[in-house]
Amino acid sequence: MAARILGLVLLVGFSVFCSGQSEKSVTYDGRSLIVNGARELLFSGSIHYPRSPPEMWPDLIKKAKEGGLNVIQTYIFWNLHEPIEGQFNVEGSYDFVKFIKLIGENGMYVTLRVGPFIEAEWNHGGFPYWLREKPGIIFRADNEPFKYYMEKYTKKIISIVKKEKLFAPQGGPIIMSQIENEYNTVQLAYKESGTRYIQWAANLAIGLDTGVPWVMCKQRDAPGPVINTCNGRHCGETFTGPNHANKPSLWTENWTAQYRVFGDPPSQRAAEDIAYAVSRFFSKNGSLTNYYMYHGGTNFGRTSSSFVTTRYYDEAPLDEFGLPREPKYGHLADLHRALRLCKKALLWGVPSVQSISDDLEIRTYEKPGTNTCAAFLNNNSTKKAATIKFKGQDYYLPPKSISILPDCKTVVYNSASIVAQHNARNFKPSKKASNLKWEMSQESIPEMQQLETTSKEPMELYNLTKDTSDYAWYSTSIDFDKVDLPMRHDILPVLVVASLGHAMVAFVNGEYIGFGHGSNVEKSFVFKKAVNFKEGTNHITLLAMTVGLPDSGAYMEKRYAGVRAVTIQGLNAGTLDLTSNKWGHEVGVKGEKLQLYTEEGLGKVQWSEAKGAGPPLTWYKTYFDVPEGDSPVALLLTTMGKGMAWVNGRSIGRYWVNYLSPLGQPSQSEYHIPRAYLKNGKNLLVVFEETGGNPSGIKVLTVNRDTICSIVTENYPPNVDSWKLSGDQLKAVVDDPKTESQLTCPDGKVIKSVAFTSFGDPSGMCGNFAEGKCNSPNSKKVVEQYCLGKNSCKIPLNEFNSEKCSEPLKTLAVQVRCGRGKSASA
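Residues numbered from 1 in each chain as written. Predicted model: local features only at pLDDT ≥ 70, side-chain atom pairs only at ≥ 80, totals over all residues. Heavy atoms only, no water.

S.K.: Summarise the sheet that holds strand β29 (residues 574-577); cite the residues concerned and give the values.
M.R.: In spatial order, the strands read β26-β23-β28-β29; together these four strands make up an open sheet with antiparallel pairing. Strands at the two margins of the open sheet, each flanked by one partner only, are β26 (525-530) and β29. Each strand axis lies, on average, 20 degrees off the axis of its neighbour in the sheet, ignoring direction. Here six bridges tie strand β23 (residues 494-499) to strand β28 (residues 563-571), and the two strands are oriented antiparallel to one another. Pairing of alanine 498 across the sheet is with alanine 565, part of β28. (Pairing = 2+ DSSP bridges. Helix = DSSP H or I, 4+ residues; strand = E, 2+ residues; numbered from the N terminus. Axes fitted to C-alpha atoms, helices over the stretch in contact; angles between N-to-C directions.)

S.K.: Summarise the state of the cysteines; cite the residues concerned and give the values.
M.R.: The bond known as a disulfide is covalent and runs between the sulfur atoms of two cysteines. Within this structure, the stated rule accounts for five disulfides. Covalently, cysteine 709 is tied to cysteine 766 through a disulfide, its sulfur atoms 2.0 Å apart. In this structure the cystine formed by cysteine 709 and cysteine 766 twists about its S-S bond by roughly 75 degrees; its chirality is therefore right-handed. Note that cysteine 709 is positioned in strand β38 (residues 699-713) and cysteine 766 in the loop between β43 (763-765) and β44 (768-770), a separation of 57 residues in sequence. (Disulfide = S-S within 2.5 Å.)

S.K.: Tell me about the sheet that holds strand β30 (residues 583-587), and name the residues and values.
M.R.: The strand order β21-β30-β22-β27-β24-β25 describes an open sheet built from six strands, whose pairing is antiparallel. Of all the strands in the sheet, just β21 (453-455) and β25 (511-517) have a single pairing partner and so form its edges. For this sheet, the mean inter-axis angle between neighbouring strands, taken without regard to orientation, is 20 degrees. Note that strand β22 (residues 471-480) and β30 share four bridges and pair antiparallel. Paired with alanine 472 across the strands is valine 587, a residue of β30.

S.K.: Which residues make up the pairing of β30, and what values do they have?
M.R.: Most of β30 sits out of view: four of its five residues are buried. Inspection of the sheet shows β21 paired to β30 by three bridges, in the antiparallel sense. By the bridge assignment, serine 455 is partnered in β30 with tryptophan 583. (Buried < 20%, exposed > 50% of the residue type's maximum accessible area, 1.4 Å probe, protein only.)

S.K.: Describe empty space enclosed by the protein, naming the residues involved and giving the relevant values.
M.R.: Following the criterion strictly, the structure yields two cavities of 30 Å³ or more and no others. Each pocket or cavity is described by its volume, and for the largest cavity that value is around 60 Å³. Lining the largest cavity we find Gln258, Tyr259, Arg260, Thr309, Arg311, Tyr312, Tyr313, Asp314, Glu315, Ser667 and Gln668. Residues belonging to the lining of the largest cavity are distributed by class as follows: three nonpolar, four polar and four charged. As a volume, the second largest cavity reaches approximately 40 Å³. Around the second largest cavity, the lining residues are Asp334, Val412, Tyr413, Ser417, Val419, Pro717, Pro718, Asn719 and Val720. When its residues are assigned to classes, the lining of the second largest cavity shows six nonpolar, two polar and one charged. (1 Å grid on protein atoms, 1.4 Å probe; cavity = no way out; pocket = protein on both sides within 12 Å on 5 of 7 lines; lining within 4 Å. Points joined across faces, edges and corners; volume = space filled by probe spheres on them. Nonpolar A, V, L, I, M, F, W, Y, C, P; charged D, E, K, R; others polar.)

S.K.: Can you lay out the layout of surface pockets for me, pointing to particular residues and giving the numbers?
M.R.: Each pocket or cavity is described by its volume, and for the largest pocket that value is around 1200 Å³. Surrounding the largest pocket, 45 residues form its lining, Lys63, Pro324, Tyr329, Pro746 and Asp747 being those nearest its centre. Among the elements of the structure, α2 (57-66), α11 (328-341), β38, β41 (740-744) and β45 (792-796) are those that each provide at least two residues to the lining of the largest pocket. When its residues are assigned to classes, the lining of the largest pocket shows 17 nonpolar, eleven polar and 17 charged.

S.K.: Help me get a handle on the side chain of asparagine 290, residues and values and all.
M.R.: Along the chain, asparagine 290 falls in strand β11 (residues 286-295). At a separation of 2.9 Å, a polar atom in the side chain of asparagine 290 contacts the side chain of serine 46. Every residue in contact with asparagine 290, bar those within four places of it in the chain, is listed here: Ser44, Gly45, Ser46, Gln73, Trp251, Thr252, Glu253 and Asn254. (Polar contact = N/O pair within 3.5 Å; in protein donor to acceptor, adjacent residues only side chain to side chain. Contact = heavy atoms within 4.5 Å.)

S.K.: Could you give an account of the side chain of threonine 579, with specific residues and numbers?
M.R.: Tracing the chain through its elements places threonine 579 in the loop between β29 and β30. Accessibility expressed as a relative area gives 11% for threonine 579, which makes it buried. Within the local environment of threonine 579, its side chain forms a polar contact with the backbone nitrogen of valine 566, the two atoms lying 3.0 Å apart. Among all residues touching threonine 579, those that are not within four sequence positions of it are Lys456, Glu457, Pro458, Arg564, Ala565 and Val566.

S.K.: An account of helix α8 (residues 192-207) is needed here, citing residue identities and associated values.
M.R.: With 16 residues, α8 ought to run about 22 Å at 1.5 Å a step, and its terminal C-alpha atoms sit 23 Å apart, in line with that. Within α8, the full set of buried residues consists of Ser193, Gly194, Tyr197, Ile198, Trp200, Ala201, Ala202, Leu204, Ala205 and Ile206. Where α8 ends, the next residue or the one after it, aspartate 209, has phi of about 55 degrees, a positive value. (Expected span 1.5 Å × (residues − 1).)

S.K.: Outline α11, supporting the account with residue identities and numerical values.
M.R.: In a regular helix each residue adds 1.5 Å, so 14 residues correspond to 20 Å; α11 covers 20 Å between its end C-alpha atoms and thus fits that length. In terms of burial, α11 is largely enclosed, as twelve of its 14 residues are buried.

S.K.: Report on the pattern of salt bridges, specifying residues and quantitative values.
M.R.: Under the criterion given, the structure shown has 41 salt bridges. One salt bridge connects arginine 196 with aspartate 142, and the closest N-O pair in it is separated by 2.5 Å. Residue arginine 196 is located in helix α8, and its partner aspartate 142 is located in the loop between α5 (129-132) and α6 (144-163); the two are separated by 54 residues in the primary sequence. When salt bridges that share partners are traced, they join Asp314, Asp319, Arg325, Arg425 and Arg705 into one network. (Salt bridge = Lys/Arg side-chain N within 4 Å of Asp/Glu carboxyl O.)

S.K.: Could you give an account of the environment of glycine 392, naming the residues involved and the relevant values?
M.R.: On the secondary structure map, glycine 392 appears in the loop between β15 (386-390) and β16 (393-397). Measuring from C-alpha to C-alpha, the distance between glycine 392 and phenylalanine 533 comes to 87 Å, with 141 residues separating the pair along the chain.

S.K.: So what's going on with the nonpolar core? Residues and values would help.
M.R.: Formed by 119 residues in total, the largest nonpolar core has its most connected members in Phe96, Leu131, Trp214, Leu339 and Ile404. When near neighbours in sequence (up to four residues on either side) are disregarded, isoleucine 404 contacts Ser279, Leu335, Ala338, Leu339, Cys342, Ala375, Phe376, Thr410, Val411, Val412 and Tyr413. Counting residues in hydrophobic clusters, the runner-up holds 33 residues, among them Phe300, Ala433, Tyr655 and Val657. (Core = buried A, V, L, I, M, F, W, Y, C linked by side-chain atoms within 4.5 Å.)

S.K.: With reference to specific residues and values, describe the pairing of strand β36 (residues 670-673).
M.R.: The alternating pattern of β36 places Glu670 and His672 on one face and Tyr671 and Ile673 on the opposite face, and all of these are buried. With four bridges joining them, strand β33 (residues 633-636) and β36 adopt antiparallel strand pairing. Looking at the pairing, leucine 635 lines up with tyrosine 671 of β36.

S.K.: Tell me about the packing of aromatic side chains, residues and numbers included.
M.R.: Think of a pair of aromatic rings as described by two things: how far the centres are apart, and how the planes are tilted against each other in angle. Taken as a whole and assessed by the stated rule, the structure comprises 46 aromatic pairs. Judged by centre distance (5.5 Å) and plane angle (85 degrees), the rings of tyrosine 471 and phenylalanine 688 are edge-to-face. Within this pair, whereas tyrosine 471 is found in strand β22, its partner phenylalanine 688 is found in strand β37 (residues 682-689), the two being separated by 217 residues in sequence. Over the aromatic face of phenylalanine 88 sits the side chain of lysine 156, whose NZ or CZ is 5.2 Å from the ring centroid. If you follow lysine 642 out to its NZ or CZ, it ends over the ring of tryptophan 656, 5.1 Å from the centre. (Phe/Tyr/Trp six-rings, centres within 6.5 Å; stacked < 30°, edge-to-face > 60°. Lys NZ or Arg CZ within 6 Å of the ring centre and 35° of its normal.)

S.K.: Tell me what's going on with the packing of α2 against helix α4 (residues 96-105), and back it up with residues and numbers.
M.R.: To describe two helices that pack against each other, one gives the angle between their axes and the distance between the axes. It is the contact of α2 with α4, at a shortest axis distance of 10 Å, that shows an interaxial angle of 35 degrees. Two packed elements cross with a definite hand, and for α2 against α4 that hand is right-handed. Here α2 contributes Trp57, Pro58 and Ile61 to the contact with α4, which in turn contributes Lys98, Phe99, Leu102 and Ile103. (Left-handed = near helix turned anticlockwise from the far one by under 90°.)

Here you go:
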């Protein structure tokens, strides 16, 4: 019966026509989504509402639109909205209705990823912890308890969205929804139960009658009318295609870099690689790409999954602070303009492919009987440039590049030739928020008899904390006689703690003895430390820690963490197993329960002046003034170890700067303080340090991208803005379009100084240029003439004196600094 229903819907589609000017039907065919009867090219970006405060939403949406996007994609985060069963919260940073309406007000569409499993490097994959404790539950399987709660939640979300009239047929911006998430990666683990479950999930979605298509990403066998889509970096090569001829090719996650975990080196993905991949996908019948992430934002509080950094997808086109990361932002914006010039050919033309060689290929879309024609010239070689002859003309292609010709004649864009500007990010210590005066208050180390809960063995950590805290105390006691301890002074017993993860600090008789932790790949670890035990009673106290709950893989409900076994090696009688010695437990640390990170909590403990480096498990507090200007704000924490930080009672997330990458650097040093968290006057900053650090080195920073650059070579095509479509004809906007260096300062600032210029063969990148063997002697003078004092400028490459430079193709590299000041006319 289920299969028959799905088949019927596939024939009918999603055509829902309603009265009213703003109400839109949404259907699809094998070419694209069809909105109100018109096929669409869709350029989408993931922006998650809880990863930035609501005050940032309007600017993020505005910049996404200016970057050429017409769709924003977001998950719905179940554990945010229903952290306690039956108590639903959609206010403040959780107000996804407000977020979706803002997108619609900006004339953009929305893709809603309902999940309810989302992964997303988000705590527990979006599942609330209470779901894990339901009797007999198996996540994401043909399991009655799980299906009951999944259906209840999904219907709740859809009812909210329908009530607010947010689906396109109701006049809202949502044109597509997603059920489940990347299930193919785990489906085999569930065998027949997985197959039944994915059919059930599809039926659930279709039965909700939203009037818009549903998708399942990374799901080769998406049932019935549900569209299977691609996630990855190169879906133009890896996607096997829709599982039905009537479904379009959609790319729901185009990874703009890679999320990072503590211990990772920087994550990079070149703008050229993304542009090539998107060009390739659209040249092969693709009609939607979604950049994951377009803005990653921040994992505030305890929201990140296991070991994931607080900063999320900072290498996206909009960085953690919402600043455009150039050239990624601009180069992709240019690509979107180029593809829109091809829209009529791509959506209504007849495709053809001409293979020139193993690496060279021409793909065209032509509409018979018209002048509508677009071409994609592809050089797949990563090492060699090439020349392709097409329609009687020769076209030069750099290595690993695609040229786009919206009229099958004119190159308006090449994926490897970046004419958009570059920039570099600067962190500057705030003058107004300097000279921090720190005070400290140390956590007391409890003994077993002081703890709330006892058991024979150490309790499992997830079940103990129930995701209410990162911390739980474990303590036991052991008596030693003199004959139990080694007689030699150069031999000490060794405390050995086997843990399932994630981290732990250890104390013996109230004294700190060490810190141990696992990694994202291997959560478990074995802690070993020599200890000078004493005669009589010895107290062993461990503070076990989680660093987020798991967010992926099969059977997530069966993951465990915490202390598993405790032994003491090197005693006179051999190894002593303390695992079943009776243990005391308590969730959370005292300062957390007293809310020492709030003004109300400060007076509940004694504070003293902090002088230099302090011990583990210490609370620090200070006040700072609002930093000058309106630039984003960050906290530099390189002198600390591991812990959490709060500003005016609001958590800015976990920090872990003593977990170094293989490059010998922290994975993250600066931590975002949204300006929305600040107030006029004094701002309270509280840091809980777990392993020991020096707060005197903490700095409040402002963040800018006022260092902007241009790197343009003579054979680059002019900027795509040089052309427009007039009917079926591609026409130049200006006479004789030419290659130019273009610079624009952000936020209305002007170019204050020229730091570097070279016309010849310069090397390096924005913020770190160097002259090559030849350089035009008048290069700086020309740039200053065109740019100083202006918000934006264009520099023709034919203005430079290159007589003494023998390079066949010369490059202009320019670096300038922007700042506040009077602007000359641009």
